[in-house]
Structure formats: C-alpha cells, structure tokens
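Residues per chain are reported as follows:
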Amino acid sequence: MSDRQPPRRRVPGPARPARPGTRQRPGSGARPARRPSQAWRPPPTRVLRLGSPRPRLRMIALALTLVLLAFAVRLLQVQAVDASAYAAKADENRYVVHTIAAERGGITDRNGVALATSVDADDITADPTMFTRDELKIGDGPEQAAALLAPILGQDQAALTRKLRTQNTRYVLLARRQTPQVWKQIKDLKAALIKKSRTDKSTVNVLAGVFSDPSSKRVYPNGDLAAGILGWVNAEGKGGGGVEQQLNAELTGKPGQVRYAQSGGREVPTAGSTETPAVPGSDVELTIDRDIQWAAQNAITDQVKKSGADRGYVIVQDTRTGEILAMANSPGFNPNDLTHADPAALGNAAVQDAFEPGSTAKVMSMAAVLQEGAATPLTHVVVPNRLHRGDRLFQDDVDHDTWYLTLNGVLAKSSNIGTILATGQLGKSQPEANQVLYSYLRKFGIGQPTGLGFPGETRGILAPAGQWSTSQQYTIPFGQGFSMNALQAASVYSTIANGGVRIQPTLVRGTKGPDGRFTPAEKPARTRVVSARTAKEIAQMLESVVDDEQGTGIKARIPGYRVAGKTGTANRVDPATGRYRGYTSSFAGFAPADNPRITVYCAIQNATKGSYFGGQICGPIYKQVMEFALKTLQVPPTGAPPANLPVDFKP
C-alpha cells in the first residue's frame, strides 16, 4: 500500500450573488450541487412592505388648513372689512326710504284771512322691482296694474306702464298730490285683490308695489281773487309766479324722510323704522285787504267787459305806509285750475305791463314847476288852439278857442299845450328844462324798480334827458314818450298825498315761522321828493279836477268827501305791431284830499266799446273802489271846505 492519500474532492461553495448592475454570463460561476435526495423548490416569495401614512396625512392636513384659512379670510372680509357695504346692499333691498314733503306755509291777508293754504294729499308711487316676472310670476304685471290705475289717476295707461317697467330703481312717481279719496280707491282695490288671491290661486296682486307718500295740495279758497298777486304752485311743488315764487324759500320749509323695512309691499312693523320729521314752511301775511281786493277786482272786471278792452288794473294803496291794499287785474285766472287759464292772463299785469300814462303824469310836471318856483297855482297861462314846437303841431284833446287859464286850470282841464308852456319855464333853455323835469321824474320813481321785488316787474322806460328826441321834449311833460307800470303811477299820487315823501310800496307785512313767532317785514325806504307845501298845493289843484264843473274828473266825486284826482287818456302802443293803436284810459287820486288816507289808480287798455276817455270809464271805477275802501277802513270825512282854486281868468 502506498503512503499517498488520494486527493480531496473540492466541494463547490455557495454561489455569490451577482452584483447589482452586472450581468452573469451563462456558464460562469459555480453551479450548486445537485443532490439527488433534495426536491426542487421554487424561489421564495418577496414580501411587500407598506409605506408610512404620515406624509400623506400631513399633506391632507395642510390642504384642509389652507381651505379653512381661505374661509376665515373671506369671513373676515365679509363680516369686518366689507360689512357696511354688504349691509347697505341688504338694506337697499329690504328697506324703503321715502321723502316726507314739508307742509307749505299759508298766505293770508292783513287780517289773517286765508288766501292760499295747503290740504292733505298723497303722492302715488311705485316700486318697479315688484312688477317683474320674477316677483309676480307673470309677464304682464305692469300692464295689468296700469289698466287698473289709469282710470283712477286720470292718466294714460301706456305712460303708467312705462313707469312701472323702469329699471334700476325702486321708486317712481305715478301721480302728484292726489286727494285722499284717490288713494282710498287704490287701497280698496289692493285689499280686494289680496282677498281674492286667497281663494283663487290664479289671482295675482298686481298692485302690491303701489304706495302713497303723504303730501299736500295747494288750495286757493277764494278762487281767482288776488291770483295775480298770489301766483301758483307748479307740479314740482315750487312757486310758479307771484308771491308763491317770490317767497318760495320761506313758504317751502324743509322736507323730512322716513325709512322702514318692507316685505311683499307691506311694512314690517317689528323691523324698526327711522323718521326725520319735516319742518313746515313759514306763513306769509300780505298787506292787502281781502274785501277791498274783492271790490277792486269786481269793478275792473265789469268795466273791462263793458268796454271790450284788452285788460285793466286797479291799485289801492295806504298813503301813510305805502302798503298795497289791493292789486286787481282783469282778465284774471283761477290758480286752482290752470289747465283752463288763458296764458296771456297769467302773471300780474299791474306791475308787468309798461305803458305810456298820459295826463295822469302831468301831476309830476306840475310838482316840478311849483317846487322850482317857476309858477304858482294861480299863475296865468294863455293856451292857444295849436302850439308849434319842434317838428310837431300840438293840440289838446278837444278843439277850443284860446283858453285863459290859471296853472290850476291847466291841470283841471288837462291841457297838453298849457303843460308844455308851464314846463318850458323850468330852465333858461329847453335842454335845461328837460334835465330838470327828468330829475323829478326819477325822484318819483319813474324808470326804476318800485322796490317791491315782484317776479317779472318792469321798471318802465325813461331815457336820459340828453337822449330825448325833438318831439319827446314836449310830449313827456304830458305823459307820452315814456312808460311806467300801474304801481309806479299809484306811487306818484301816494307821494303827493303823503306830503311829498315817497314811501317804497310794500306787499308783505311779515312772516310767521313754525314756532309761531311773527317777524315783521323791513320798514320801507322813504325819500323826500317835493316839499310839504308843494304837495299841499298839488292836492288842492287835483281837487279842482273833480269838484270844478270844468274839470275832467267829475264822475269821481264822492258825497261827503274831498277828492283829489286826475284823468288820463294816452295813445297806446300795440304790443303786436309796435305802433300806436287804441288808448290807455286812466284815473288816479286820493281821499280825503285834505287829510289823505287812500290812493286809488285805475287803467284800462284799448277800450273798443263806448267812451275811451279816462274820466268816463275809469272815473266811476275810482269812485266805486274808493267809497268801498273808505267805509271798510272807517275813514271819516274831514268836514273841511274845499279850496276852490280858480280855473280861469279874464284877460
């Protein structure tokens, strides 16, 4: 036997796993020994491990946090930053705001008698958003509502439909200042629709969006009395003329406001409401006397009709205070019903018409002559049949032989020629005389405002003396070639009656505020025009016009009273053509002549029937109105004898 051992057999070890990323070639490496005794087994299954849930939960939590944060920011914006804006939008839809009209102040005469007042009324309004298809569930809601409202409101159905279809608003005005009876009809109709809808589901209350706002309606209890003074109130509730327009701010007051929650067209009583009360306007007390105004208006209206005239006016003034006691126009109008008024009659013609006054203006020429010492009431004036001056041949209203008159007689007989001769003595030359006369006309208030401040008032026309034409130099002294209004004419005579002091005319005595306190009007301006002596002499001369049988104003006599007056008959400028056509007839005066209390002025334009002379058609009006005024104010006769100045002289 050999000592050598047989070599050991190498047993292959376990195979090494391949490195990641390397590819094991076939045949490389040792193969596991196969043991016949072991069966083949499949490779073990790989166990899957679940990922950690925490990252996902963190992502979900973060997302929820962001969402909640967005909600929080939005809520903060809605409830804090924009809270007022959203509340306002909510209120806009929920709350209704209406204006409460202030009660307009009343207008009374000097004795507290109502001339203009306000009564309860209703403005009919609507909320167009309550007539939409979404609200009523029908498409023709506005048409149905308009069909029901049109006959009650007296308005066009199509116009109401357009208002009810107005967009982007919750308020439209359907009708202003309706009587309480009108609103009651609408309320009854709404109630009937609601009652019917409870039993008939197809019935829709198409009037749910119709409401009323408390308002007031202007009423003039005396109809057309003093309409020219009072004026009227227009559809917007503002004064449209007269005192209503002049003192609109004082009369209007301050409107209020009410705000309340509504639902379905009804107020929600538990939601609360706020109200700012309206402040009523002030009451206005005028200087006029209703009874004297009535007498003046009746007298001028009757005469205008009898004479077939275009129009006429009467002024009654207190000579001591300048207060206007009456200012009447004919034709007039009824401010309660302007739809039937003549547009030409609206306004106050007594202060808005400018006309050439004629011989009633001679009193100013005579006052200038006396004040300047150029003559006296007894100065002799020889009046020829014709007088050649400048480019014209002048004559009097009546053809006559040579008259031998006193200056008093020139005024009593209303001689144009005598007036030209007298005023020619005012200066060493005609231009100088013109300048002197012009200065007195201005002092009497001609060519300038009366101070009344009335809407549409005219100041008249008076050219400076240096601009007077050749004929005007001689026509202006007897009242042609310049113009004035009726109140200016009355003021001239009140100045003479007041001892030569002109008092600015006044129409308002004062106002009474909502607190009941009376505030008197400012005292009028006073201006010395001529001396008391001159005024007294003129008054005596004016008596001759009425008392002397040769005077032109004998129809103005009043038994028991001394009357001073002057007639006037002037060529009239036709407003349509600008040429002379027809006449302006007038009469002016005061009484008692020796202790004046009342001035009356009357003028009639373009009389076409009967006489057109001022003494014939205006003298009787003066007498009628003056008698009534003297009795109303209880002015007794003085009992003193008249002056009886001579009218003529023997050559």
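Reading the values: the criteria
- Residues numbered from 1 in each chain as written.
- Predicted model: local features only at pLDDT ≥ 70, side-chain atom pairs only at ≥ 80, totals over all residues.
- Heavy atoms only, no water.
- Axes fitted to C-alpha atoms, helices over the stretch in contact; angles between N-to-C directions.
- Helix = DSSP H or I, 4+ residues; strand = E, 2+ residues; numbered from the N terminus.
- Parallel < 35°, antiparallel > 145°, perpendicular 65-115°, else oblique.
- Left-handed = near helix turned anticlockwise from the far one by under 90°.
- Contact = heavy atoms within 4.5 Å.
- Nonpolar A, V, L, I, M, F, W, Y, C, P; charged D, E, K, R; others polar.
- Expected span 1.5 Å × (residues − 1).
- Buried < 20%, exposed > 50% of the residue type's maximum accessible area, 1.4 Å probe, protein only.
- UniProt positions renumbered as here; feature names shortened; annotations may be inferred.
- Phe/Tyr/Trp six-rings, centres within 6.5 Å; stacked < 30°, edge-to-face > 60°.
- Lys NZ or Arg CZ within 6 Å of the ring centre and 35° of its normal.
- Pairing = 2+ DSSP bridges.
- Salt bridge = Lys/Arg side-chain N within 4 Å of Asp/Glu carboxyl O.

Visitor: Where do I start with the packing of helix α12 (residues 362-371) against helix α18 (residues 532-547) in this structure?
Guide: Geometrically, a packed helix pair is captured by the angle between its two axes and the distance between the axes. Close contact between α12 and α18 brings their axes to 10 Å; oriented N to C, the two are set at 135 degrees. One way to sum up the angle between α12 and α18 is to call them oblique. In terms of crossing hand, the pair formed by α12 and α18 is right-handed. Each of Val363, Met366, Ala367, Leu370 and Gln371 in α12 lies in contact with α18, whose residues at this interface are Thr534, Glu537, Ile538, Met541 and Leu542. Residues that form the contact of α12 with α18 fall into these classes: seven nonpolar, two polar and one charged.

Visitor: What is the right way to read helix α15 (residues 430-443) from this model?
Guide: Along an α-helix, residues three or four apart share an orientation, since each turn contains 3.6 residues. Relative to the 20 Å expected for 14 residues at 1.5 Å per residue, α15 spans 20 Å between its end C-alpha atoms, a close match to the ideal helical length. All of the buried residues in α15 are Ala433, Asn434, Val436, Leu437, Tyr438, Tyr440 and Leu441. Its buried side turned inward, α15 meets α12, α14 (416-423) and α16 (472-475).

Visitor: Got a minute to help me understand the UniProt feature "transmembrane region" (unreviewed entry) in the protein chain in this structure?
Guide: Per the UniProt record, the feature "transmembrane region" (unreviewed entry) sits at residues 59-76. In this annotation, residues 59-76 is assigned 100% helix and 0% strand; the end-to-end C-alpha distance for the span is 26 Å.

Visitor: Is there a simple way to explain the packing of aromatic side chains in this structure?
Guide: To describe a pair of aromatic rings, you give the distance between the ring centres and the angle between the ring planes. Applying the stated criterion to the full structure yields ten aromatic pairs. With a centroid separation of 5.8 Å and 80 degrees between ring planes, the pair formed by tyrosine 404 and phenylalanine 649 is classed as edge-to-face. Separated by 245 residues along the polypeptide, tyrosine 404 in strand β17 (residues 403-406) and phenylalanine 649 in the segment after α20 (619-632) bring together distant segments of the chain. Here the aromatic cluster, defined as three or more aromatic residues joined through ring pairs, consists of Phe394, Tyr474 and Phe478. Of note, lysine 413 hangs over the ring of tryptophan 403, and the distance from its end group to the ring centre comes to 4.5 Å. The ring of tyrosine 440 carries lysine 443 above its face, with NZ or CZ at 4.8 Å from the centroid.

Visitor: For this particular structure, what's the right way to read the pairing of strand β24 (residues 598-605)?
Guide: Consecutive side chains along a regular strand alternate between the two faces of the sheet. Within β24, eight of the eight residues are buried, leaving the element largely enclosed by the surrounding structure. Burial along β24 is two-sided: the face carrying Ile598, Val600, Cys602 and Ile604 and the face carrying Thr599, Tyr601, Ala603 and Gln605 are both buried. Across eight bridges, the pairing between strand β12 (residues 311-318) and β24 is antiparallel. Of the residues in β24, the one forming a bridge with tyrosine 313 is alanine 603. Here strand β23 (residues 580-591) runs beside β24; their pairing, made up of eight bridges, is antiparallel.

Visitor: Would you mind showing me how to read the packing of helix α4 (residues 141-153) against helix α6 (residues 180-199) here?
Guide: As a packed pair, α4 and α6 sit with axes 10 Å apart at the nearest point and diverge in direction by 155 degrees. The angle between the axes of α4 and α6 places the two elements in the roughly antiparallel class. Pair α4 / α6 crosses with right-handed handedness. On α6, the residues that touch Leu148, Leu149, Ile152 and Leu153 of α4 are Val182, Gln185, Ile186, Leu189 and Leu193. Here the residues of the contact of α4 with α6 are counted per class, giving eight nonpolar, one polar and no charged.

Visitor: Whenever I open this one, the pattern of salt bridges confuses me. Can you help?
Guide: Two side chains bearing opposite charge may form a pair once their charged atoms approach each other closely. One pass over the structure, following the stated rule, counts 19 salt bridges. One salt bridge connects arginine 170 with aspartate 127, and the closest N-O pair in it is separated by 2.6 Å. You can see arginine 170 sitting in the loop between α5 (157-164) and β4 (172-178) and its partner aspartate 127 sitting in the loop between β3 (114-126) and α3 (133-136), a full 43 residues away along the chain. In this structure, the salt-bridge partner of arginine 562 is glutamate 543, at a minimum N-O distance of 2.7 Å. Here the residue arginine 562 occupies a position in the loop between α18 and β22 (564-573), and glutamate 543 occupies one in helix α18, the gap between them amounting to 19 residues. For glutamate 543, a relative accessible area of 4% corresponds to the buried category. Salt bridges sharing common partners tie together Arg110, Glu285, Glu323 and Arg509.

Visitor: Looking at this model, I keep getting lost on unusual backbone geometry. Mind explaining?
Guide: Cis geometry marks the peptide bond from serine 330 to proline 331, where omega comes out at 0 degrees. Of note, proline 331 is situated in the loop between β13 (324-330) and α11 (349-352). With an omega of -20 degrees, the peptide bond running from alanine 591 to proline 592 counts as cis. Within the fold, proline 592 resides in the loop between β23 and β24. Not every positive phi belongs to a glycine, and asparagine 168 is a case in point at roughly 60 degrees. When you line up the elements, asparagine 168 lands in the loop between α5 and β4. Classification of asparagine 168 as exposed rests on a relative accessible area of 82%.

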